Amino acid sequence: MVTEQLQACIRACTECADACRKCSDHCSQMGHVQNAEACRECAASCQECIEIMRNGSNSHCGHCAQVCDRCAESCASMPDDAQMAECAEVCRRCADECRKCAGGNA
């Protein structure tokens, strides 16, 4: 069964995956290879987490929170880039939701 907490986390992960895919394309165009890779990894982790949560499990949420934290840190390293700053904020929100869903064990 998908609980309200899982639904909130699914929404956060969906938003984060979308933002990270866009930011990855942006970073690739700008030549920021490491940032682009962090965004691709985060989008993939969020997508995997969504699929697992749709089956009623929070087993991937702790790992996803850690990946989102790393991506947020990577994107925040370029604060003058609006796209990356927005991605960092979305990743932070997603990490917070994933931590809540994991029971704070992330």
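Refer to the structure above for everything that follows.
Rules and cut-offs
- Residues numbered from 1 in each chain as written.
- Predicted model: local features only at pLDDT ≥ 70, side-chain atom pairs only at ≥ 80, totals over all residues.
- Heavy atoms only, no water.
- Axes fitted to C-alpha atoms, helices over the stretch in contact; angles between N-to-C directions.
- Helix = DSSP H or I, 4+ residues; strand = E, 2+ residues; numbered from the N terminus.
- Left-handed = near helix turned anticlockwise from the far one by under 90°.
- Contact = heavy atoms within 4.5 Å.
- Buried < 20%, exposed > 50% of the residue type's maximum accessible area, 1.4 Å probe, protein only.
- Salt bridge = Lys/Arg side-chain N within 4 Å of Asp/Glu carboxyl O.

For the rest of this paragraph, the subject is the packing of helix H1 (residues 4-30) against helix H3 (residues 61-76). In a packed pair of helices, the relevant descriptors are the angle between the two axes and the axis-to-axis distance. At a minimum axis distance of 12 Å, the contact between H1 and H3 shows a crossing angle of 35°. Crossing hand, H1 versus H3: left-handed. Taken together, the residues of H3 that come into contact with H1 (itself represented by Cys 9, Cys 13, Cys 16, Cys 20 and Cys 23) are Cys 61, Cys 64, Cys 68, Cys 71 and Cys 75.

Attention shifts here to the environment of Cys 87. Here Cys 87 lies in helix H4 (residues 82-101). With relative accessibility at 1%, the residue Cys 87 sits in the buried group. Separated by 68 residues in sequence, Cys 87 and Ala 19 have C-alpha atoms that sit 5.7 Å apart. For Cys 87, the contacting residues outside a window of four places in its chain are Ala 19, Cys 20, Cys 23, Cys 39 and Cys 75.

Let us look at the pattern of salt bridges. Counted according to the given criterion, the structure contains 10 salt bridges. Between Arg 54 and Glu 51 there is a salt bridge, with its nearest N and O atoms 3.2 Å apart. Linking Arg 54 with Glu 51, this pair stays in helix H2 (residues 33-54), spanning three residues, or about one helical turn. The network of salt bridges with common partners includes Glu 15, Glu 89, Arg 92 and Arg 93.

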